[in-house]
Amino acid sequence: MKYSGTTEQDIARAASDEQAMEHLVAKHEGFILRCASQAAHRPVTRQDDEWSAALAAFVQAVKAYRPGKGSFWGFAQMVIYRRIADRYRSAARFSAEIPAAPSVFESGPLEDSDQPQLQAAVSRRLAACSDSPCLSEEIDEIDAANLTLARYGFDFFSLVSCSPKAEKTKAACAAAVNCLLDTPALLAEMRLGKTLPAKSIEKISGVPRKILERHRRYIIAAEILSGEYPSIARYLRYIREGKDR
């Protein structure tokens, strides 16, 4: 995300100047509410507890951010997500009557819809479970995945909005993802150049360049499926499996 009129210098100034911080928060209240709503999977207003958590997280992000270390907005989104996730985990300790829904991990491929279902699955998982090593592992992986995907210019949750709709396109994208995962040299090339090696993938897989370019983010999700994020890879297994659908 890019927000015109706000520079890294503005963010650095806000970290040490209370008035500048107030101005920055007021200017980007919409961003903070949007991130809080995404993490809570429901509309969040200034009257909700999530607003306070998101506001504190945004201020924390401003103070912790270091210029040149990637996008501030992606970093702030991650900090807000984690603060709200921590809040849900704390609340869950006192809500033993809330059961975990096995369908979160056992459901089939995500269907097209106006609702961000990947995000919904993660949010339900956070709200339904108590504080456990397994859950902490998932949150850590999402944080790490966001940092990894930020190098390509997007984040974990944006994978839903860029998913192809047509079955034929899904199958073509799955073929491209499998091409990356099954060809270590290509995956290494992508990581080194921080861009999709479309020409090489087209040559090996036969997937048209137009599809590769249009669904670049979706295909780059191979990063998450490569084995380094075992917990959250389960949310995205439909991408690799799409080849056989």
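Up top is the structure these notes are about.
Being a predicted model, the structure only gives us computed values, none of them experimental.

The rules behind these values
Residues numbered from 1 in each chain as written. Predicted model: local features only at pLDDT ≥ 70, side-chain atom pairs only at ≥ 80, totals over all residues. Heavy atoms only, no water. Helix = DSSP H or I, 4+ residues; strand = E, 2+ residues; numbered from the N terminus. Buried < 20%, exposed > 50% of the residue type's maximum accessible area, 1.4 Å probe, protein only. Contact = heavy atoms within 4.5 Å. Areas by Shrake-Rupley, 256 points an atom, 1.4 Å probe, with all protein chains shown as cover. Core = buried A, V, L, I, M, F, W, Y, C linked by side-chain atoms within 4.5 Å.

**A short note on the overall build of the chain**
Each helix and strand counted, the chain has 16 helices and 0 strands in total. Counting every position in the chain, which comprises 245 residues, the buried fraction comes to 45%. Long-range contacts, defined as pairs at least 24 residues apart, comprise 66% of the intrachain contacts of the chain with a sequence gap of at least 6. Carbon and sulfur atoms make up 52% of the accessible area of the chain, which totals about 12600 Å².

**Focus: the environment of Ala36**
Assignment of secondary structure puts Ala36 in helix 3 (residues 29–40). Linking Ala36 and Ser52, residues 16 residues apart in sequence, is a C-alpha distance of 9.5 Å.

**Comments concerning the environment of Ile219**
Examined against the element boundaries, Ile219 turns out to sit in helix 14 (residues 216–220). By relative accessible area, Ile219 is classed as buried at 0%. Along the backbone, Ile219 and Cys162 are 57 residues apart, and their C-alpha atoms lie at a distance of 9.9 Å. The residues touching Ile219, leaving out its near neighbours within four places in the chain, are Cys173, Ala176, Val177, Leu180, Leu196 and Leu212.

**Concerning the nonpolar core**
Ranked by size, the top nonpolar core spans 63 residues in total, and within it Phe58, Phe72, Ile80 and Leu180 carry the most contacts. With 8 residues, the top contributor of residues to this core is helix 5 (residues 72–92). Excluding its chain neighbours within four sequence positions, the residues that come into contact with Phe72 are Ile11, Phe58, Ala61, Val62 and Tyr65.

In short, shape yes, function no, at least from these values alone.
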